[in-house]
Amino acid sequence: MKTAQRLTGISPFFVMEILARAKELERQGRDIVHMEIGEPDFPTPPKVQEAATRALRDVDIKYTPAAGLPELRKAIAGFYERKHGISLNHRRIFVTPGASGALMLAMGLALNPGEGVLLADPSYPCYPNFVRLFGGVPRALPVDETSEFNLSAELLNTHWAPSDAGIILASPANPTGSIIRPNALRGLIEFVDSRQGFVISDEIYHGLEYQASSHTALRYSDQVIVINSFSKYFGMTGWRLGWAVVPESAIDGAERLAQNLYISAPTLSQLAALAAFDDENIEELERRRQQFAERRDVLCQGLIALGFLIPAKPEGAFYVYADCSRLTADSQALALALLEEAGVAVTPGRDFGLHQPERYLRFCYTASIPRLRQGLDRIANYLKHHPMTVPS
Ligand SMILES: Cc1ncc(COP(=O)(O)O)c(C=O)c1O
């Protein structure tokens, strides 16, 4: 088959190659410490599992309305009320197949072909691909520790072009775990507003914060599109469930897009997710968050002791974006060597953009502390036998 031209712009994830090779090594009997995958290692929370089992027994699983089960949309609205003190019309909430489905909805709602979308480099690799799929032009702006790896209003002011239509923000961010400070978030939204642009705020790592909590962009504007998901904080990756909050004026368009793109998000997952907001479940998720915080500290300390630099301590998500420039000039080669020779899987910076990817490796702390320590020991051993390849 002759595939469409648009595919030429869609890049694969290098992490998938790492994962495939790691699985192959495991089949050959090797033990691999996985720090490459952005997926919580905890099982689906028990309350959610029980709700799914009950639903499977008692409910005939059919399509739901395109925007999702009204009771789930109301439960999500209640969550914003409790957590952020924001009262939302539940009709603005669209339940989607993961944050991925929500991003698709957002692009379909906001972006015209040929328009530019500003995003941070490094950032989540799918953002530019979603922009391209909808005919837009991703414009990645290099960020580093001087802006805590975040976009800023100053950066937008310098780079915004007449053909730009909006921005994608993420806080806490993948791959850096950085959080946009409340004033900076307000500044970004005000800047884009002054250009009549759109803001897509990816809040998928909300709840996974270890110092200050994140503010939702909804606090500063009711014109933003907010993306969120049950995948990360709620620990439900495989249930493929997320949501988008859209402005009142976009409800009708979102309804039509949702109907056409996916009819409805998975019904069983929606019924299960109704239990996600129960107090008992939130208590379990908070215990998990505490464990993530402890893991983060162990991993950061361990990496620094090995010679990695962590220019901005990650404050959220479950990632450490570590600078390995004192150890190698080529993070991808180091990632491959760590996998083959040390049995540790990590993701090289090249998955997240073009800004100095050779300097960085992303480590996920989605493994237990004993496993993380084992991974660190293996890296230490590897580095002992392969001293620094870069002259200082
Ligand atoms: C920043 C970010 N946004 C969106 C997604 C998509 O998540 P999902 O579709 O599982 O909800 C991910 C997944 O890793 C992510 O890291």
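Quick note: structure is the one above.
Below or above, wherever it landed, is the structure these notes cover. (Residues numbered from 1 in each chain as written. Predicted model: local features only at pLDDT ≥ 70, side-chain atom pairs only at ≥ 80, totals over all residues. Heavy atoms only, no water.)

Another point: the overall build of the protein chain. Scanning the protein chain from N- to C-terminus turns up twelve helices and twelve strands. Taken against the 2.2 N^0.38 rule, which gives 21 Å for 392 residues, the C-alpha radius of gyration of the protein chain at 21 Å falls within 12% of a compact globule. With the C-alpha coordinates aligned to their principal axes, the bounding extent of the protein chain is approximately 60 × 55 × 50 Å. For the protein chain, the residues scored as buried account for 55% of the 392 residues in total. Surface exposure of the protein chain reaches about 16,900 Å², of which carbon and sulfur atoms provide 51%. Each charge class in the protein chain was averaged separately, 39 positive and 44 negative side chains, and the resulting centres sit 2 Å apart. (Helix = DSSP H or I, 4+ residues; strand = E, 2+ residues; numbered from the N terminus. Rg over C-alpha atoms; globule rule 2.2 N^0.38 Å. Buried < 20%, exposed > 50% of the residue type's maximum accessible area, 1.4 Å probe, protein only. Areas by Shrake-Rupley, 256 points an atom, 1.4 Å probe, with all protein chains shown as cover. Lys, Arg positive; Asp, Glu negative; His and termini not counted. Charge placed at Lys NZ, Arg CZ, Asp CG, Glu CD.)

Here we take up the site of the ligand. Near the ligand, the surroundings consist of 13 residues, among which Ala99, Ser100, Asp202, Tyr205 and Ser229 are the closest. Here a nitrogen atom of the ligand sits 2.7 Å away from a polar atom, N or O, in the side chain of Asp202. Here the shell around the ligand takes three residues from helix 4 (residues 98-110), the largest share from any one element. Among the residues forming the shell around the ligand, the class breakdown is five nonpolar, five polar and three charged. (Near = heavy atom within 4 Å. Polar contact = N/O pair within 3.5 Å; in protein donor to acceptor, adjacent residues only side chain to side chain. Nonpolar A, V, L, I, M, F, W, Y, C, P; charged D, E, K, R; others polar.)

Another aspect to go through is the nonpolar core. The biggest cluster of nonpolar side chains holds 131 residues, and the ones touching the most others in it are Phe230, Phe234, Phe308 and Phe363. Sort the elements by how many residues they give to this core and helix 10 (residues 279-305) lands first, with seven residues. When residues no more than four places from it in sequence are discounted, the contact partners of Phe308 are Leu303, Ala322, Asp323, Cys324, Leu327, Leu361, Phe363 and Ile379. (Core = buried A, V, L, I, M, F, W, Y, C linked by side-chain atoms within 4.5 Å. Contact = heavy atoms within 4.5 Å.)

Read across the open sheet, the three strands follow the order 9-12-11; overall the sheet is antiparallel. Across the chains shown, the open sheet's two edge strands, defined by having one partner strand only, are strand 9 (319-323) and strand 11 (347-348). The pairing of strand 11 with strand 12 (residues 360-364) spans two bridges and is antiparallel. Within the sheet, the bridge partner assigned to Pro348 lies in strand 12 and is Leu361. Strands strand 11 and strand 12 of the sheet are contacted by helix 11 (residues 331-342), whose axis makes an angle of about 40° with strand 12. (Pairing = 2+ DSSP bridges. Axes fitted to C-alpha atoms, helices over the stretch in contact; angles between N-to-C directions.)

In this section: the environment of Leu7. Structurally, Leu7 is set in the segment before helix 1 (14-27). Residues Leu7 and Glu148, spaced 141 residues apart in sequence, show a C-alpha to C-alpha distance of 33 Å.

Right, let's talk about the pattern of salt bridges for a bit. Per the counting criterion, the structure on display carries 19 salt bridges. Measuring nitrogen to oxygen at the nearest pair gives 2.6 Å for the salt bridge that ties Glu340 to Arg21. Highlighted residues: Glu340 in helix 11 and Arg21 in helix 1, separated in sequence by 319 residues. By relative accessible area, which is 31% here, Glu340 ends up partly exposed. With relative accessibility at 26%, the residue Arg21 sits in the partly exposed group. (Salt bridge = Lys/Arg side-chain N within 4 Å of Asp/Glu carboxyl O.)

Attention shifts here to the packing of aromatic side chains. By the definition in use, this model includes 23 aromatic pairs. Grouping aromatic residues by their ring pairs yields a cluster made of Phe42, Tyr205, Tyr210, Phe292, Phe318, Tyr319 and Tyr365. Here the guanidinium or amino end of Arg73 rests over the ring plane of Phe94, the centre of that ring lying 5.4 Å away. (Phe/Tyr/Trp six-rings, centres within 6.5 Å; stacked < 30°, edge-to-face > 60°. Lys NZ or Arg CZ within 6 Å of the ring centre and 35° of its normal.)

With that settled, the discussion passes to the packing of helix 4 against helix 8 (residues 251-262). Orientation of helix 4 relative to helix 8, taken along the N-to-C sense of each, is 125°, at an axis distance of 10 Å. One finds that helix 4 runs oblique with respect to helix 8. Regarding helix 4 and helix 8, the two cross each other, and that crossing is right-handed. Here Gly101, Met104, Leu105, Gly108 and Leu109 of helix 4 lie close against helix 8, whose contacting residues are Gly253, Ala254, Leu257, Ala258, Leu261 and Tyr262. For the contact of helix 4 with helix 8, the class distribution of residues is eight nonpolar, three polar and no charged. (Parallel < 35°, antiparallel > 145°, perpendicular 65-115°, else oblique. Left-handed = near helix turned anticlockwise from the far one by under 90°.)

The subject of this paragraph is the packing of helix 10 against helix 12 (residues 369-385). Put simply, helix 10 and helix 12 touch, their axes get as near as 10 Å, and they point 10° apart. The orientation of helix 10 with respect to helix 12, classified from their angle, is roughly parallel. Of the residues in helix 12, those touching helix 10 at Glu294, Arg295, Val298, Leu299, Gly302 and Leu303 are Ile369, Leu372, Arg373 and Leu376. Classifying every residue of the contact of helix 10 with helix 12 gives six nonpolar, one polar and three charged.

Let's shift gears to the pairing of strand 8 (residues 242-245). A two-sided burial pattern is seen for strand 8, the buried positions comprising Gly242 and Ala244 on one face and Trp243 and Val245 on the other. Bridge count between strand 2 (residues 93-96) and strand 8: four bridges; the pairing is antiparallel. Opposite Ile93, over in strand 8, you have Val245 as the bridge partner. Sheet analysis places strand 7 (residues 225-229) next to strand 8, joined by four bridges and oriented antiparallel. Looking across to strand 8, one finds that Ser229 is bridged to Gly242.

Summarising burial for strand 9: five of the five residues are buried, a large majority. Of the two faces of strand 9, both are covered, the one formed by Tyr319, Tyr321 and Asp323 as well as the one formed by Val320 and Ala322. Bridging between strand 9 and strand 12 involves five bridges; their strand directions are antiparallel. Pairing of Val320 across the sheet is with Phe363, part of strand 12.

To continue, consider helix 10. For helix 10, which comprises 27 residues, the first-to-last C-alpha distance of 39 Å matches the rise-based estimate of 39 Å (1.5 Å per residue) to within 8%. Of the residues one or two after helix 10, Gly307 is the one with positive phi, at around 110°. (Expected span 1.5 Å × (residues − 1).)

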